[in-house]
Amino acid sequence: VSPAAASSKDLLHAVREIVGPRASQSPADRLAYGRDLWPRSLLALQDGEGAPWPPDVIVWPESTAEVAALVRLAAHRRTPIVPFGGGSGVCGGATAVRGGIVLDMKRMDRLVSIDQQALEATFEAGINGEHLEHELSRRGLTLGHFPSSIMCSTLGGWLAARSAGQLSTRYGKIEDMALALEVVTGAGEICLAGRAPRGAPGPDWVQLFIGSEGTLGVITRATLRVRPAPEVRLLRGWEMPRVAAGCEAIRRVLQRGLRPAAVRLYDELDTLIHRTSARDRGEREHAKSGAVELFKMPDAREPSELERRVRGARGFFLRLALAHPGGLNEAIRRLVPRFSGGCLLILGFEGDRELATMEAEVAARELSRTGGRDLGEEPGLRWFEHRYKISFQQSPVFENGAFVDTMEVAATWDRVLDVYRAVRAAVSRHALVMAHFSHAYPEGCSIYFTFISVGRDRAEAERRYDTIWRSGMAATLAAGGVLSHHHGIGMSKQRYLPEELGGVGMELLGALKRVLDPAGVLNPGKLGLDGVARSNREATAR
Amino acid sequence: MTQSVLGRALGDAVGATNVSREGSTFFVRPGAPPEVAQVLAIARERRVAVIPMGTGSLVSPPAGGTERERPQVVLDTRRMTNLLHLDELSHTVHAQAGIEIGALEEAVAARGLTLGDFPAETYRSTLGGLLAARAPGRATSRLGPIESACLGLSVVLADGRSLHVKAAPRRATGPDLMRLFLGSEGALGIITAAVLRVWRLPDSRIFTTCALPRVEAALEAARRTLVRGVRPAAMRVYDAEDAVASGLCEVDPAGQALLLATFSGHADLVEVERRVLETSVQQVGGTPLGAAPAERWWRGRGGPTAANAPTKTGPRFQVAAPLGRLGAVYRGVRASLLAAGAACHGFLGHFHEDGGCVYFAFPRSAEADEVAREAAAAAGGRPPSELEVDEPLVAALRALKKELDPDGILHGARLL
């Protein structure tokens, strides 16, 4: 028996002392927990490589006390321990890159308490998003948090990764909903971070644990602000002449003090693909992001032989075109304005019937003034019906030998169009790129780029993938945007983080890490913490 | 090390005219962030405590008064008053920390913008002081607390280096590092500049006053209004006695509680918002009385009815509570104080989705405060607490302080 195998057996034995049989080292489990949904690792999967980062053991705790005991064990043994929710992250954040323990939180999924009067609800962190929303909607309530991953992500994951839902403009992002957190620190201590009373001194720990991506603590419970389910939902589509006019309209609506629930502006290409695909399906089907539509067949039934050939031919031409994205983007740039009727803007209001109706009316006046054309309810309703699809639509792209990923950045209004143009210019040499603008604020919004490309083989695809990210992130920073609006940093963006936060910002992150996880076992290899944590340990040794 | 040497070093850093001395306390007024860093370097080298001072009203007094054995430095940011950039497209303002809120509001108001209803008593407070204290600040809850309007921040750390968080609507790039400093009263670093969200000056501001059978009914009407998504610029609730005592009421509300509200924003929207409130009031047995008392309160809100204004019996005792607990806190604290022989008045205000505040006036003493605190906590309120209570987090804060300020030069008496 090799020393590694012996130590792995020993680890299993040790965790079983805490959780009994709820631990596994089976090859199937190690495979299943060996990656998240970072598209770069899907390239490896496509190439037949199963799990780039198989953990040594997967554990399913059922209580905060068990989580604390497991973290203490990990700290004592200096074994990495990685909290894992739905595994739907797209930045490699929930991966055991140094092996060790994966802490699957999904058995901690209870509604702990709910106060209908105070509109507060406490859940265990492992609850699935859709289940959480269901628990609330049964009681006439809503959290108002609807990321497209809602069916495959957890509350703990939302908090750890600083998630934002599709209706964030009205209901807020996850950090606006969290009133209190129960967290197990890297020392295995259970803390209760509450909202500090106003005027009381001290940092707001809730806001420091949110976004820590499992590196500062394991979130085990959260108390959330909940709201009554809306009386009405008023969705409409608008046609804006150009991206700039669309952004201007959104800015005016938000700066008017209106709080739309849904705000989404698709750029010309994204709009065109939407429209074409909707027409293909007789207006019945409609996807959230048009990009993946390129790869889809008209319906889901088993394709006929003819359809198989059509699909094959389409795949072939697409791969060919994607191999030369510069020319493709240029052709699109010239052709799209001829076919496109501008940019589609979805705007929705909800809540109190009277108030939402008036908000929608005031917004309509602003949109008309900025050159918008009312397309009626239909586009809005279509978007709403298909709003979660993006999370389940990547497979066809990968099956065609191509790859797709999304890059969500943010900027204040003075920079939004600069960032949009700069990223498009940088990425379009390497990929087909389109974008929509969403998550609007009075001071700015996020830009959600979708890019599709292809490589002759895995090595070329990975090279191209990395080039796209490198050039996109560099363009974002140079134009004054921030690296990520709501997907987080994880592994994929950590090399760009020092430029975003600065050296001092990175060291502050390192200081938090040393204080809360002195053994350095919580989710190592993420958030750019390795460098700063190490450099300071050296400094301390000196 | 003699104190005159310290004084000379500080004078070299910020200019001799910007240093003054009272006993062993040096008042230092740096003119720019690099000078702040230099002052901190001097303090570090000589192990001298630094007490940041920005807001007259919120400054933590130098420990042990100004006559101490060991010298200390009071760092006054009020020379750093530049408005660095007003972005009228993004509705943000970037300003140095020493600017007074009143001056900043005046500057943005000239462009049709507002910081959002800061009460008059905060006008002499500095921007950095309000942020460092995470002060109650804004009179209204429509726009949220000041930290939620803070989009970017510059801080000089104890070691003299600077953190710059650039303005962004939102970011998912790890924990929100600005939150380390918002509320930390300068104990982890000195805030030198911030980017704040600003708003259009409201097109319209309207008022309503409603009479309700009891305080509880007024609170229920307020709760129903807020959960429907209405965001009044401000609301106040008084019982009959305190309504008359406050001087807001022309007529005796005849044993009824008063709910005062003001709405600001788009003219069409505020009308709907007022209608929703008045409907809620009628549902719980109340009657709208018209605009007058609410308007009088709003116009005079910097005066004696201001929540932070001292009363004859001392400063008001504030208790925050979730919306569903406010009534119990209001009754419970008054009953307990009465049982202990202390007369107690109060009103409710600062309503927002997460709760509201009860402001009590009673003859303040350590014993009376303790009675009030216990009663408030028993009723589900969050009475003012001096410190974070969660043990591991208290320890974490201490450790963090040691990481960021190993020589312990930044004053953190209240924090640690």
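Residues numbered from 1 in each chain as written. Chains lettered and ligands numbered in written order. Predicted model: local features only at pLDDT ≥ 70, side-chain atom pairs only at ≥ 80, totals over all residues. Heavy atoms only, no water.

1. Brief notes about the packing of aromatic side chains
For any pair of aromatic rings, the description consists of the separation of the ring centres together with the inter-plane angle of the planes. Applying the stated criterion across every chain, the model contains 14 aromatic pairs over all chains. Taking 6.1 Å as the distance between ring centres and 35 degrees as the angle between the ring planes, the aromatic pair formed by A:Trp205 and A:Phe209 counts as tilted. Here A:Trp205 and its partner A:Phe209 are both found in helix α9 (residues 205-209), four residues apart, which amounts to about one turn of the helix. Taking the relative accessible area as the measure of exposure, A:Phe209 reaches 1% and is therefore buried. Pairing B:Phe347 with B:Tyr359 gives two aromatic rings, centres 5.2 Å apart and planes at 25 degrees, and the pair type is stacked. With B:Phe347 in strand β17 (residues 345-352) and B:Tyr359 in strand β18 (residues 355-361), this pair connects stretches of sequence that are 12 residues apart. (Phe/Tyr/Trp six-rings, centres within 6.5 Å; stacked < 30°, edge-to-face > 60°. Helix = DSSP H or I, 4+ residues; strand = E, 2+ residues; numbered from the N terminus. Buried < 20%, exposed > 50% of the residue type's maximum accessible area, 1.4 Å probe, protein only.)

2. A word on the interface of chain B and chain A
At the interface, 75 residues of chain B touch 88 residues of chain A. Note on chain B versus chain A: buried area summed over both sides is about 6900 Å², and carbon and sulfur give 56% of it. The largest per-residue losses of area from chain B upon contact with chain A belong to B:Arg134, B:Pro169 and B:Arg170, which jointly make up 12% of the total buried on that side. There are 14 salt bridges connecting chain B and chain A. (Contact = heavy atoms within 4.5 Å. Buried area = accessible area lost by both parts, 1.4 Å probe. Salt bridge = Lys/Arg side-chain N within 4 Å of Asp/Glu carboxyl O.)

3. Here we look at the sheet that holds strand β8 (residues 178-185) of chain A
Residue and element names in this part refer to chain A. In space, the five strands of this open sheet follow the order β5-β6-β10-β8-β9, with antiparallel pairing throughout. Only two strands of the sheet have a single neighbouring strand rather than two, namely β5 (111-115) and β9 (190-194). Shown here is a sheet whose adjacent strand axes are inclined to one another by a mean of 15 degrees, direction ignored. Relative to strand β10 (residues 217-225), β8 is paired through seven bridges, and the arrangement is antiparallel. (Pairing = 2+ DSSP bridges. Axes fitted to C-alpha atoms, helices over the stretch in contact; angles between N-to-C directions.)

4. Brief notes about the environment of A:Gly202
Among the structural elements, A:Gly202 can be located in the loop between β9 and α9. Between the C-alpha atoms of A:Gly202 and A:Arg242, which are 40 residues apart in sequence, the distance is 47 Å.

5. Quick word on the pattern of salt bridges
Within the structure shown, the criterion is met by 65 salt bridges over all chains. A salt bridge links B:Arg325 to A:Asp115; the shortest N-O distance between them is 2.4 Å. Note that B:Arg325 is positioned in the loop between β16 (317-321) and α9 (326-339) and A:Asp115 in strand β5, a pairing that runs across two chains. Between A:Arg415 and A:Asp414 there is a salt bridge, with its nearest N and O atoms 3.4 Å apart. A relative accessible area of 36% places A:Arg415 in the partly exposed class.

6. Some thoughts on the packing of helix α14 (residues 353-369) of chain A against helix α7 (residues 267-283) of chain B
Interhelical geometry of α14(A) versus α7(B) gives an angle of 180 degrees and a closest axis separation of 10 Å. In terms of axis orientation, α14(A) runs roughly antiparallel to α7(B). Residues A:Glu354, A:Leu355, A:Met358, A:Glu359, A:Val362 and A:Arg365 of α14(A) form the contact with α7(B), whose own contacting residues are B:Asp268, B:Leu269, B:Val272, B:Glu273, B:Arg275 and B:Val276. Looking at side-chain class alone, the contact of α14(A) with α7(B) contains six nonpolar, no polar and six charged residues. (Parallel < 35°, antiparallel > 145°, perpendicular 65-115°, else oblique. Nonpolar A, V, L, I, M, F, W, Y, C, P; charged D, E, K, R; others polar.)

7. A short note on the sheet that holds β16(B)
Residue and element names in this part refer to chain B. Within the open sheet, the seven strands sit side by side as β15-β12-β14-β13-β17-β18-β16. Their pairing is antiparallel. Of all the strands in the sheet, the pair left with one neighbour each is β15 (287-290) and β16. Ignoring which end each strand starts from, the neighbouring axes of this sheet average 25 degrees apart. Direction of pairing for strand β13 (residues 234-238) relative to strand β14 (residues 257-265): antiparallel, over a ladder of five bridges.

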